[in-house]
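# Working through the structure, step by step
Chain by chain, the residues run as shown.
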Amino acid sequence: MRITNILRKIGDVSKKYSNLPDSYIKRSMEQVEWKTPRAIQYLPRTIERKKFRYTTNRPWTWNFKQQNMPGTKRKKVFVEPIAKWSFFRGDRVEVLVGKDKGKQGIVTQVIQERNWVIVDGLNWHYRTVMHDKNNPGVCIKSESPLLVTNQVKLVDPSDLQGTDIEWRFTEEGEEVRVSARTGRIIPIPKTETDETVDYKSKSTYIDKEKDTPGDVVKEITFKPQIATFEMEIMKEMGIEETRTPKKTFWY
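Within each chain, residue numbers correspond to sequence positions counted from 1 in written order. Per-residue local features are limited, in this predicted model, to residues with pLDDT of at least 70; the limit for side-chain atom pairs, both in listing and counting, is 80 or more; totals at the level of whole chains, interfaces and linings are taken over all residues. The side-chain values count all of the structure's non-hydrogen atoms but skip hydrogen atoms and water molecules.

Here pLDDT means the predictor's own confidence in every residue, given as a number from 0 to 100. Mean pLDDT over the protein stands at 84; residues scoring 70 or higher make up 93%. Confidence, read as mean pLDDT per element, is least for helix 1 (residues 2-5) in the protein (48) and greatest for strand 3 (residues 92-95) (95). Within the model, pLDDT remains below 50 along residues 6-11, and this stretch shows 12 contacts once partners closer than five positions in the same chain are excluded. In this text, helices come from DSSP runs of H or I with a minimum length of four residues, and strands from runs of E with a minimum of two, each type numbered from the N-terminal end. Whether two residues touch is decided by their heavy atoms; if any such pair falls within 4.5 Å, the residues are in contact.

The following block contains the structure:
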């Protein structure tokens, strides 16, 4: 099932949604239920937790760990298996249910473990955060996830209408998404293939006022010297050493 396969594909997930090292992702996600003592008479054995409840929080965050604390009881979630995943970040989709039915938006987050996608600015609700007895909190907008099986459809770029899709092969052997109604190819967005949340490709990113130009970044300004940091400071400030250092020998 896709819910358990996430543990084997954790490296791929970390590269899609963050630039964090895989070692950190694995270390922050693992939950040890039982472990043998560290002694010579025991063989090293570890039993890790394998079943998790996946939500909109990424598996390496504290919120995800808090929702999956040992002893927490949750209702079982049944996920409809999908043979070939067809929705990616940056896709334009049409909402089929709710108050935003018929509207179109861009997919900003994909959660394959629950067959969910989050569409920017659609299917949202108000949520209160940072509230306690003495603080009423702050009310913010939050997008709710949508099921890809029956709540959203991909938009055909030829007529901007929702459509079912099929996976087919081109003459060059490339597997592509094709609209079932018009037969037009629906390309996978560059935000999925060439970018992450923290990195934007040159073709889609526009330099802004405070961005450092590439030529300045490539410029080499460091000049290596055979001197310590203190010696470099003394040379720059014109300080001369008048003391006679004590003789030292290497043997």
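Here we take up unusual backbone geometry. Leaving glycine out, the prevailing phi sign among residues is negative, and the prevailing peptide bond configuration is trans. Phi is positive for Asn115, which is not a glycine, with a value near 60°. In this structure, Asn115 sits in the loop between strand 4 (104-111) and strand 5 (116-119). Residue classification places Asn115 among the buried residues on the basis of a relative accessible area of 1%. At Asn123, a residue that is not glycine, the phi angle is positive and equals roughly 55°. For Asn123, the position within the fold is in the loop between strand 5 and strand 6 (124-129). Exposure classes here rest on a 1.4 Å probe applied to the protein chains alone. A residue is buried below 20% of its type maximum, exposed above 50%, and partly exposed in between.

This part covers helix 7 (residues 229-237). Burial of helix 7 is sparse: only 0 of the 9 residues sit out of reach of the surface. Trailing helix 7 by a residue or two, Gly238 shows a phi angle of about 75°, which is positive.

Residues enter a nonpolar core if they are buried and are Ala, Val, Leu, Ile, Met, Phe, Trp, Tyr or Cys, with the set joined through side-chain atoms within 4.5 Å. Ranked by internal contacts, the top residues of the largest apolar core, which has 14 residues, are Trp85, Phe87, Val93, Val117, Leu146, Val148 and Val152. Contributing elements (two or more residues each) for this core: strand 3, strand 4, strand 5 and strand 9 (152-156). Leave out the neighbours within four places in its chain, and Phe87 touches Val93, Val110, Val117, Val148, Val152, Lys153, Leu154 and Arg177.

On the surface, a cluster of nonpolar side chains totalling about 430 Å² of accessible area is made up of Phe229, Ile233, Met237 and Ile239. Among the secondary structure elements, Ile233 is positioned in helix 7. Put simply, a patch holds well-exposed residues, over 30% relative accessible area, that have no salt bridge, with like charges counted together within 9 Å and Val, Leu, Ile, Met, Phe, Trp or Tyr side chains within 5 Å. The accessible surface values rely on the Shrake-Rupley method and a 1.4 Å probe; as for residues, cover is taken only from the protein chains in view. What counts as a salt bridge is simple: a side-chain nitrogen of Lys or Arg found within 4 Å of a carboxyl oxygen of Asp or Glu.

Any two of the Phe, Tyr and Trp rings considered here, Trp counted by its six-membered ring, make a pair once their centres fall within 6.5 Å; the pair's planes then place it as stacked at under 30 degrees, edge-to-face at over 60, or tilted in between. By the definition in use, this model includes 5 aromatic pairs. Ring geometry for Phe52 against Phe64: centres 5.8 Å apart, planes inclined by 35°, an arrangement best described as tilted. Linking Phe52 in the loop between strand 2 (46-48) and helix 4 (62-67) with Phe64 in helix 4, this pair joins segments that are 12 residues apart in sequence. Neither residue differs from the other here; Phe52 and Phe64 are each classed as buried. The rings of Phe52, Tyr54 and Phe64 are connected pair by pair, giving a single aromatic cluster. When the NZ atom of lysine or the CZ atom of arginine is within 6 Å of a ring's centre and also within 35 degrees of its normal, the charge is said to sit over that ring. Its guanidinium or amino end placed over the ring of Trp167, Lys84 lies 4.9 Å from that ring's centre, counting from NZ or CZ. Over the face of the ring belonging to Trp124 we find Lys99, whose NZ or CZ atom lies 3.9 Å from the ring centre.

Turning our eyes to something else, we now look at the side chain of Arg114. Mapped onto the elements, Arg114 comes out in the loop between strand 4 and strand 5. It turns out Arg114 is buried and unbridged, and the closest side chain with the opposite charge, Glu113, is 8.3 Å from it. Setting aside chain neighbours within four positions, we find Arg114 in contact with Tyr54, Val77, Val79 and Leu147. Under the convention used here, Asp and Glu are negative, Lys and Arg are positive, and both His and the chain ends fall outside the count.

With the rule as written, the count across this model stands at 7 salt bridges. A salt bridge links Asp159 to Arg181, with the shortest nitrogen-to-oxygen separation between them at 2.6 Å. Within this pair, whereas Asp159 is found in the loop between strand 9 and strand 10 (161-163), its partner Arg181 is found in the loop between strand 12 (175-179) and strand 13 (185-186), the two being separated by 22 residues in sequence. Assessed through its relative accessible area of 32%, Asp159 is described here as partly exposed. Residue Arg181 is classed as partly exposed on the basis of its relative accessible area of 43%.

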